[in-house]
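Structural overview
Chain by chain, the residues:
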Amino acid sequence: MPMRLDSSPSSLDNDNAVPGLERLDLSVYQQRLPARPRDAHKGMFGHLLVIGGNQGMGGAVMLAAEAALRCGAGKVSVATLSEHIASLLARCPEVMAHGVDDPAQLPPLLSQASTVVLGPGLGRDAWAEQMLIQVLEREVPRILDADALNGIASMSRPIRLGCQTVITPHPAEAARLLACRTADIQADRLTAAEQLAERFACAAVLKGVGSLVAGPGDLQRPGICMHGNPGMASAGMGDVLSGVVGALLAQHLDAGTAARYAVLLHALAGDRVAEQDGQLGMLASDLISSIRYYLNRNI
Ligand SMILES: NC(=O)C1=CN([C@@H]2O[C@H](COP(=O)(O)OP(=O)(O)OC[C@H]3O[C@@H](n4cnc5c(N)ncnc54)[C@H](O)[C@@H]3O)[C@@H](O)[C@H]2O)[C@@H](O)CC1
Ligand SMILES: Nc1ncnc2c1ncn2[C@@H]1O[C@H](COP(=O)(O)OP(=O)(O)O)[C@@H](O)[C@H]1O
């Protein structure tokens, strides 16, 4: 039975609020991604495939892909509707962008990828469902976010996603996954995070103020992130986080470490942007250069 600890937003400023939890600390995690050897080449740092961007949501895959490139993924491909391709390439020509209007076009892209991000702007239609089914069939390091989680929540039985998978629900998505109310999740966030990790047999990030990371398995204590601020309550922040997790998985970090490190980098970057320019009007894309700044500290 998981411990009930006070990880509520109001307790986060209290140093005694998190006994039993790992308080996520950059000095621990920045040692996990080794310095690159002198003869490094892009093939050593993974090929990440970002899948999503249904109608009206092409920006979500762009944010994830750009964040992933800025976090050191060797190659980043995007599979999205063809209507988004031109704008994607105009913003970031380093991305390999593929129009996948028919889900049958996905298998060759999946077979080239070492790591997958599924969910940003994925939507909830038949196209989205087919993308989800195909990703679930492949055992690669993967992060499932946003509508991928809503798709999993609508399945008749919980599936075991495995120790190479990270899920990143916000409280409403967590409530769908655990078939309860958002208020129930928020009333005991630690238990919710642990239940997510246990039920889906993966690493689980429960986003929101004081983001929590549980699993996979019992090897690591659940972690809590004491950084981040309300300026981050803006559209696309989660999409950027999914790209950061994807990049760290692509660079061979295990799911638990990638999830913890990514949450920390993302929240620290949010605080740095807020210090520089204030909380109001912060864009998710504003975080990306600061995430890179923290990623490179001490390397
Ligand atoms: N530029 C883009 O293309 C964007 C696309 N997006 C996509 O839009 C789709 C829908 O995502 P949404 O998250 O808006 O929809 P959801 O219906 O899953 O969630 C929205 C609701 O969740 C609840 N919620 C979220 N965070 C909470 C917290 N910390 N505490 C309490 N309640 C909380 C709130 O009630 C909120 O209205 C996703 O596929 C997502 O990737 C969004 O990420 C926004 C940006
Ligand atoms: N008040 C807050 N304090 C700290 N972090 C926050 C706050 N509001 C949002 N965030 C962070 O911003 C991100 C929002 O993700 P999400 O809700 O999925 O947004 P979106 O779907 O728009 O991309 C999460 O990482 C969350 O922890």
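Residues numbered from 1 in each chain as written. Chains lettered and ligands numbered in written order. Predicted model: local features only at pLDDT ≥ 70, side-chain atom pairs only at ≥ 80, totals over all residues. Heavy atoms only, no water.

What follows covers the overall build of the protein chain. Within the protein chain one finds 12 helices and 10 strands. Against the 2.2 N^0.38 benchmark of 19 Å for 299 residues, the protein chain shows a C-alpha radius of gyration of 18 Å, consistent with a compact globule. Considered along the principal axes of its C-alpha atoms, the protein chain spans approximately 50 × 45 × 35 Å. For the protein chain, with 299 residues in total, the buried portion stands at 57%. Counting only carbon and sulfur atoms, one obtains 50% of the accessible surface of the protein chain, whose full area is about 13,100 Å². Considering the protein chain, the positive charge centre built from 24 side chains and the negative charge centre built from 29 side chains are found 4 Å apart. (Helix = DSSP H or I, 4+ residues; strand = E, 2+ residues; numbered from the N terminus. Rg over C-alpha atoms; globule rule 2.2 N^0.38 Å. Buried < 20%, exposed > 50% of the residue type's maximum accessible area, 1.4 Å probe, protein only. Areas by Shrake-Rupley, 256 points an atom, 1.4 Å probe, with all protein chains shown as cover. Lys, Arg positive; Asp, Glu negative; His and termini not counted. Charge placed at Lys NZ, Arg CZ, Asp CG, Glu CD.)

Let's shift gears to helix α2 (residues 58-70). Across its 13 residues, α2 extends 19 Å between first and last C-alpha, which sits within 8% of the 18 Å expected from 1.5 Å per residue. With respect to burial, α2 is a largely interior element, 10 of its 13 residues being buried. Among the residues of α2, Gly58, Ala60, Val61, Met62, Leu63, Ala64, Ala65, Glu66, Ala67 and Ala68 are the ones counted as buried. Buried residues in α2 make contact with β2 (47-51), β3 (75-80), α3 (85-91), α10 (237-250) and α12 (287-296). Count one or two residues on from α2 and you reach Gly72, which has phi positive near 95 degrees. (Expected span 1.5 Å × (residues − 1). Contact = heavy atoms within 4.5 Å.)

Once that is clear, we can look at the site of ligand 2. As a matter of local geometry, ligand 2 sits amid 18 residues, with Lys207, Gly208, Ser211, Gly236 and Gly238 nearest to it. Here Met232 contributes a backbone N or O atom positioned 3.5 Å from an oxygen atom of ligand 2. Between an oxygen atom of ligand 2 and a main-chain N or O atom of Met237, the distance comes to 3.4 Å. Against a free-state accessible area of 580 Å², the protein chains account for coverage of 78% of ligand 2. Cavity membership is defined here by more than half of the atoms lying within 2 Å of grid points; on that basis ligand 2 lies in the largest pocket. Here the shell around ligand 2 gets 4 residues from one element, more than from any other, and that element is α10. (Near = heavy atom within 4 Å. Polar contact = N/O pair within 3.5 Å; in protein donor to acceptor, adjacent residues only side chain to side chain. 1 Å grid on protein atoms, 1.4 Å probe; cavity = no way out; pocket = protein on both sides within 12 Å on 5 of 7 lines; lining within 4 Å. Sits in = over half its atoms within 2 Å of the grid points.)

Moving on, we get to the layout of surface pockets. Approximately 610 Å³ is the volume found for the largest pocket. Lining of the largest pocket is provided by 27 residues; of these, Lys207, Gly208, Met232, Ala233 and Met237 occupy positions nearest its centre. Those elements giving two or more residues to the lining of the largest pocket turn out to be α7 (171-178), α10 and α11 (255-277). The element that contributes the greatest number of residues to the lining of the largest pocket is α10, accounting for 4 residues. Classifying every residue of the lining of the largest pocket by side-chain character gives 12 nonpolar, 11 polar and 4 charged. (Points joined across faces, edges and corners; volume = space filled by probe spheres on them. Nonpolar A, V, L, I, M, F, W, Y, C, P; charged D, E, K, R; others polar.)

Take the environment of Gln31 next. Positionally, Gln31 belongs in the loop between α1 (26-29) and β2. By relative accessible area, which is 62% here, Gln31 ends up exposed. Only 3.1 Å separates the side chain of Gln31 from the backbone oxygen of Ser27, close enough to count as a polar contact.

Around ligand 1, a shell composed of 20 residues is seen, among which Gly121, Asp147, His170, Arg176 and Asp239 lie nearest. Take Asp147: an N or O atom from its side chain is 2.5 Å from an oxygen atom of ligand 1. Asp239 is positioned such that a nitrogen or oxygen atom in its side chain is 2.8 Å from an oxygen atom of ligand 1. Within the complex, 56% of the 870 Å² of free accessible area of ligand 1 lies under protein. Elements with a contribution of two residues or more to the shell around ligand 1: α2, α6 (146-153), α7 and α8 (182-187). By residue number, the principal contributor to the shell around ligand 1 is α7, which donates 4 residues.

Here we come to the pairing of β2. Judged by how many residues are buried, β2 sits mostly within the fold: 5 of 5 residues are covered. Covered by surrounding structure in β2 are His47, Leu49 and Ile51 together with Leu48 and Val50, the residues of both alternating faces. In this structure, β2 lies alongside β3, joined through 5 bridges in parallel fashion. Looking across to β3, one finds that Leu48 is bridged to Val76. Handedness of the crossover joining β2 and β3 through α2: right-handed. Sheet topology places β2 next to strand β5 (residues 115-118); 4 bridges connect them, and they run parallel. Along β5, the bridge assignment pairs Leu48 with Thr115. (Pairing = 2+ DSSP bridges. Right-handed = clockwise from strand over helix to strand, strands pointing away.)

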